[in-house]
Amino acid sequence: MAEKPALERNFERSLFASRWLMAPMYLGLVVSLGLLAIVFLRELAYYAPQVLTMSSDKAILAILTLIDLTLAANLLLIVLFSGYENFVSKLDIGEHVDRPDWMGAVDFSGLKMKLIASIVAISAIHLLKRFMEIGQQAADAVFGSEELFWLVVIHMVFVLSGVLMAAMDWLSARAKKG
């Protein structure tokens, strides 16, 4: 087997090293996670003093807001860890007791499925919040029937996209076996 020319070898090494250009983007996601934590704490601080006087509907809406923010943070972590490990470098943290089971085991296909599942869950919670606000004058001024229709359509597009991605992955895995 003939050895590659030095120019080609050096080009390929440079091309491979270019994956490190993604590192600042993952660092930006860490900052984004911090910002999301601040928003979560702000929302919690806003709702906590009202807990003794708020209605059950308002309590459920407050909890859904916090769940929504938590799911967005989970989504960020999935992208951060899986993306870094799939595209830049393996995280060298050994067998740390807190290491999530899925870390290092989520390939690009699994990452796509986790992302779409998180997006569908976030969309569903957002839609549920809007449905719970039907009949409230302030919410009805912002979200009329047309806006609610489009929220449902967009949510269904996310759901359908997830189903189609899962079907494509299933077909692809089946083709590799056969």
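Residues numbered from 1 in each chain as written. Predicted model: local features only at pLDDT ≥ 70, side-chain atom pairs only at ≥ 80, totals over all residues. Heavy atoms only, no water.

### Comments concerning the packing of helix H2 (residues 23-47) against helix H3 (residues 56-87)
Two measures define how a pair of helices packs: the angle their axes make with one another and the distance between the axes.
Then step 1. Where H2 meets H3, the axes come as close as 10 Å, and the angle between the chain directions of the two elements is 170 degrees. On the basis of their axis angle, the class for H2 and H3 is roughly antiparallel. Considering only the axes of H2 and H3, their crossing is left-handed.
Then step 2. Residue classes in the contact of H2 with H3 are distributed as 21 nonpolar, 4 polar and 2 charged. (Axes fitted to C-alpha atoms, helices over the stretch in contact; angles between N-to-C directions. Helix = DSSP H or I, 4+ residues; strand = E, 2+ residues; numbered from the N terminus. Parallel < 35°, antiparallel > 145°, perpendicular 65-115°, else oblique. Left-handed = near helix turned anticlockwise from the far one by under 90°. Nonpolar A, V, L, I, M, F, W, Y, C, P; charged D, E, K, R; others polar.)

### Here we look at the packing of aromatic side chains
Then step 1. Applying the stated criterion across every chain yields a total of 4 aromatic pairs.
Then step 2. Plain terms: the ring middles of Trp-20 and Tyr-84 are 6.3 Å apart, the flat faces sit at 75 degrees to each other, and that makes the pair edge-to-face. Taken together, the residues span a long stretch of sequence, with Trp-20 in the loop between helix H1 (6-17) and H2 and Tyr-84 in helix H3 at a distance of 64 residues.
Then step 3. Overall, Tyr-84 belongs to the buried group, its relative accessible area being 18%. (Phe/Tyr/Trp six-rings, centres within 6.5 Å; stacked < 30°, edge-to-face > 60°. Buried < 20%, exposed > 50% of the residue type's maximum accessible area, 1.4 Å probe, protein only.)

### Re the side chain of Arg-19
Then step 1. Positionally, Arg-19 belongs in the loop between H1 and H2.
Then step 2. Here Arg-19 is buried and forms no salt bridge, its nearest opposite-charge partner Glu-85 lying at an N-O distance of 12 Å.
Then step 3. A polar contact of 2.6 Å, which involves the side chain of Arg-19, links it to the backbone oxygen of Val-88.
Then step 4. Excluding residues within four positions of it along the chain, Arg-19 makes contact with Phe-87 and Val-88. (Lys, Arg positive; Asp, Glu negative; His and termini not counted. Salt bridge = Lys/Arg side-chain N within 4 Å of Asp/Glu carboxyl O. Polar contact = N/O pair within 3.5 Å; in protein donor to acceptor, adjacent residues only side chain to side chain. Contact = heavy atoms within 4.5 Å.)

### Concerning H2
Then step 1. Across its 25 residues, H2 extends 36 Å between first and last C-alpha, which sits within 8% of the 36 Å expected from 1.5 Å per residue.
Then step 2. Considered for burial, the residues of H2 that qualify are Tyr-26, Leu-36, Glu-43 and Tyr-47.
Then step 3. Packed against the buried residues of H2 are H3. (Expected span 1.5 Å × (residues − 1).)

### Section: the environment of Leu-71
Then step 1. Among the secondary structure elements, Leu-71 is positioned in helix H3.
Then step 2. In sequence terms Leu-71 and Ile-125 are 54 residues apart; their C-alpha atoms lie 9.7 Å from each other.
Then step 3. In this structure, Leu-71 is in contact with Ala-121, Ile-122 and Ile-125, ignoring residues within four places of it in sequence.

Honestly, that's just the spatial picture; any functional story needs more than this.
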